[in-house]
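Next come the chains, spelled out residue by residue.
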Amino acid sequence: MGDYWRDAENMVQPGRIKVPYTWQAGETASHYLTRLRDEKKILGKHCPKCDKVLVPPRKNCPFCSVPTGGWVELSGKGTVDTYTVVRKDFPIQPMKAPFAYALIKLDGADTGFLHMLGEVDLKNVKEGMRVEAVFAAERTGSPLDIAYFRPMR
Ligand SMILES: [Zn+2]
């Protein structure tokens, strides 16, 4: 190492790695996404052991690890369990800031469903707020086939 290092500051530079990838959704998520895309239906799965309805559906119950049983169709209406407001834009975000992410307990479900809120004044978002799903006009078989949840009218 030469003398030039003695007076140099140890520098740290920002970088960015972009890693595009695809993944096999599997039978449970594929069925869920197909019904969401083609019929605007939000489906959950029922666990025969703990009696919970899981949304998004899971092949195995995360609470008791047994294979889940039957499909349960949900209304698309629910209650905001908790939320956070995003005030800074990041390329990965599905909406332009400011917007809110909410953990929504869909009616008939036992797990929280993470999605965005739309058509809402962010000052009025609160826990316990009743919301309903708004489907995207063009659906592609993605979780974003639900565009967002809006306050029930
Ligand atoms: Zn279970």
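This one's a predicted model, so the numbers in the text were calculated from it and none came from an experiment.

A. Layout of the nonpolar core. In this structure, Ile 42, Val 55, Leu 106, Leu 117 and Phe 149 are the most contacted members of the largest nonpolar core, which totals 22 residues. Every element with two or more residues in this core is listed here: helix 1 (26-39), strand 1 (42-46), strand 5 (99-106), strand 6 (112-117), strand 7 (130-135) and strand 8 (146-151). Counting residues per element, this core draws most heavily on strand 5, which supplies four residues. Setting aside anything within four residues of it in sequence, one finds Leu 106 in contact with Ile 42, Val 55, Leu 74, Gly 76, Lys 77, Gly 78, Phe 113 and Phe 149. Of all hydrophobic cores here, the second largest spans six residues; its members include Phe 99, Met 116, Val 134 and Tyr 148.

B. Geometry of the coordination of the zinc ion. Bound to the zinc ion on the protein side are Cys 47 (SG), Cys 50 (SG), Cys 61 (SG) and Cys 64 (SG), at distances that span 2.1 to 2.3 Å. One way to put it: the four donor atoms around the zinc ion meet at angles of 104 to 115°, and that makes the site tetrahedral. Donor residues for the zinc ion sit on one chain with the sequence pattern C-x2-C-x10-C-x2-C. With Cys 47 in the loop between strand 1 and strand 2 (53-54) and Cys 64 in the loop between strand 2 and strand 3 (71-74), this residue pair connects regions lying 17 residues apart in the sequence. Here the two residues Cys 47 and Cys 64 agree in accessibility, since each one is buried.

C. Molecular detail of the environment of Glu 132. Mapped onto the secondary structure, Glu 132 falls in strand 7. Sequence spacing of Glu 132 and Lys 77 is 55 residues, and the spatial spacing of their C-alpha atoms is 4.3 Å. Excluding residues that lie within four positions of it along the chain, Glu 132 makes contacts with Gly 76, Lys 77, Tyr 148, Phe 149, Arg 150, Pro 151 and Met 152.

D. Region of the structure containing the layout of surface pockets. When its volume is computed, the largest pocket comes out at roughly 420 Å³. What lines the largest pocket is a set of 16 residues, and nearest its centre among them are Pro 56, Leu 114, His 115, Pro 143 and Leu 144. For the lining of the largest pocket, the secondary-structure elements that each account for two or more residues are helix 1 and strand 6. In the lining of the largest pocket, the residues fall into 14 nonpolar, two polar and no charged.

E. Structural detail: unusual backbone geometry. The omega torsion across Val 55 and Pro 56 is -5°, close enough to zero to call that bond cis. Here Pro 56 shows up in the loop between strand 2 and strand 3. Residue Ala 97 is joined to Pro 98 through a cis peptide bond whose omega torsion reads 0°. Relative to the assigned elements, Pro 98 resides in the loop between strand 4 (77-86) and strand 5.

F. How the structure looks around the packing of aromatic side chains. Tallied over the entire structure, the rule returns two aromatic pairs. Aromatic side chains Phe 113 and Phe 149 sit 6.0 Å apart centroid to centroid with 70° between the ring planes, which places their arrangement in the edge-to-face category. Here the residue Phe 113 occupies a position in strand 6, and Phe 149 occupies one in strand 8, the gap between them amounting to 36 residues. Look at Phe 113 and you get buried, because its relative accessible area is 5%. Here Phe 149 falls in the buried class, since its relative accessible area comes to 0%. In this arrangement the basic side chain of Lys 52 is found over the ring face of Phe 63, its NZ or CZ atom lying 4.5 Å from the centre.

What counts as what
- Residues numbered from 1 in each chain as written.
- Predicted model: local features only at pLDDT ≥ 70, side-chain atom pairs only at ≥ 80, totals over all residues.
- Heavy atoms only, no water.
- Core = buried A, V, L, I, M, F, W, Y, C linked by side-chain atoms within 4.5 Å.
- Buried < 20%, exposed > 50% of the residue type's maximum accessible area, 1.4 Å probe, protein only.
- Helix = DSSP H or I, 4+ residues; strand = E, 2+ residues; numbered from the N terminus.
- Contact = heavy atoms within 4.5 Å.
- Donors = N, O, S within 2.8 Å, 3.2 Å for Na, K, Ca; no water.
- Tetrahedral: all angles 85-135°; square planar, octahedral: opposite > 155°, others 65-115°.
- 1 Å grid on protein atoms, 1.4 Å probe; cavity = no way out; pocket = protein on both sides within 12 Å on 5 of 7 lines; lining within 4 Å.
- Points joined across faces, edges and corners; volume = space filled by probe spheres on them.
- Nonpolar A, V, L, I, M, F, W, Y, C, P; charged D, E, K, R; others polar.
- Phe/Tyr/Trp six-rings, centres within 6.5 Å; stacked < 30°, edge-to-face > 60°.
- Lys NZ or Arg CZ within 6 Å of the ring centre and 35° of its normal.

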